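# Analysis of the macromolecular model
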Amino acid sequence: YAVEGMLEMEIWAAPDLKVPELYYEALKMSVPANAVFDVRKLFDEFKKVDGMTLKTVTTMKLLDMDVKTETVVTSVERTPIPRSVFQVPEGYKQVPAEMLR
């Protein structure tokens with residue numbers, strides 16, 4: 001898949017690894033609205049990608065520079081995730097993010 005515009009993306013996906021639509025709805029709720037570049041609209045577009053994204057190359061044009069990032073999935077496991085993975089580790093505390101206050 002190719003996304004073009006202020007933000008350019010190259011997306012490689014695995015159709016056999018399905019992503020629940022609720023995943024993208026949760027992502028949309030985790031970011032604030034922005035009148036200049038509303039990332040939430042991008043999440044709506046991600047719903048159209050057939051399968052889990054395994055590689056993403058993103059280029060953003062900032063002033064006279066291109067900022068490029070690449071994300072690659074190195075392994076996939078189809079096993080249940082233990083609840084303990086999501087527990088706050090001992091010695092840490094959970095606090096709300098500043099931008100969501």
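What comes next is a walk through the structure. (Residues numbered from 1 in each chain as written. Predicted model: local features only at pLDDT ≥ 70, side-chain atom pairs only at ≥ 80, totals over all residues. Heavy atoms only, no water.)

### Quick notes on the pairing of strand β4 (residues 65–72)
- Burial runs low along β4: only 0 of the 8 residues are buried.
- Pairing geometry for strand β3 (residues 52–62) and β4, over 8 bridges, is antiparallel. Across the sheet, residue Lys61 finds its bridge partner in β4, namely Asp66.
- Where β3 hands over to β4, the hairpin turn is made up of 2 residues, of which Leu63 adopts a positive phi near 55 degrees. (Buried < 20%, exposed > 50% of the residue type's maximum accessible area, 1.4 Å probe, protein only. Helix = DSSP H or I, 4+ residues; strand = E, 2+ residues; numbered from the N terminus. Pairing = 2+ DSSP bridges.)

### Describing the packing of aromatic side chains
- On inspection of all chains with the given rule, the structure shows 3 aromatic pairs.
- Centroid distance Tyr24 to Phe46: 6.2 Å. Interplanar angle 55 degrees. Geometry classified as tilted. In this pair, Tyr24 sits in helix α1 (residues 21–29) while Phe46 sits in helix α2 (residues 39–46), placing the two residues 22 residues apart along the sequence. Accessibility assignment for this pair places Tyr24 and Phe46 in one class, buried.
- A centroid spacing of 6.1 Å and a plane angle of 55 degrees characterise the contact between Phe43 and Phe46, whose relative ring orientation is tilted. In this pair, Phe43 and Phe46 are both assigned in helix α2, 3 residues apart and thus about one turn of the helix distant.
- Accessibility expressed as a relative area gives 10% for Phe43, which makes it buried.
- Among the aromatic side chains, those forming a connected cluster through ring pairs are Tyr23, Tyr24, Phe43 and Phe46. (Phe/Tyr/Trp six-rings, centres within 6.5 Å; stacked < 30°, edge-to-face > 60°.)

### Some points on the sheet that holds strand β2 (residues 7–14)
- Pairing within the open sheet is antiparallel, and its 4 strands lie in the order β1-β2-β3-β4. Edge positions in the sheet fall to β1 (2–3) and β4, since each has one partner strand and no second.
- Summarising the sheet, β1 and β2 pair through 2 bridges and their orientation is antiparallel. The residue of β2 that forms the bridge with Val3 is Met9.

### Some details on the pattern of salt bridges
- Evaluated as defined, the whole model comprises 9 salt bridges.
- Across the pair Lys61 and Glu8 runs a salt bridge whose closest N-O atoms are separated by 4.0 Å. With Lys61 in strand β3 and Glu8 in strand β2, the pair connects residues that are 53 residues apart, well separated along the chain.
- The class for Lys61 is partly exposed, based on a relative accessible area of 42%.
- Relative accessible area serves as the criterion here: at 31%, Glu8 is assigned to the partly exposed category.
- The partner of Lys47 in a salt bridge is Asp44, with the nearest N and O atoms 3.5 Å apart.
- Since its relative accessible area comes to 29%, Asp44 is described here as partly exposed.
- Connected through shared salt-bridge partners, Glu21, Glu25, Lys28, Asp44 and Lys47 make up one network. (Salt bridge = Lys/Arg side-chain N within 4 Å of Asp/Glu carboxyl O.)

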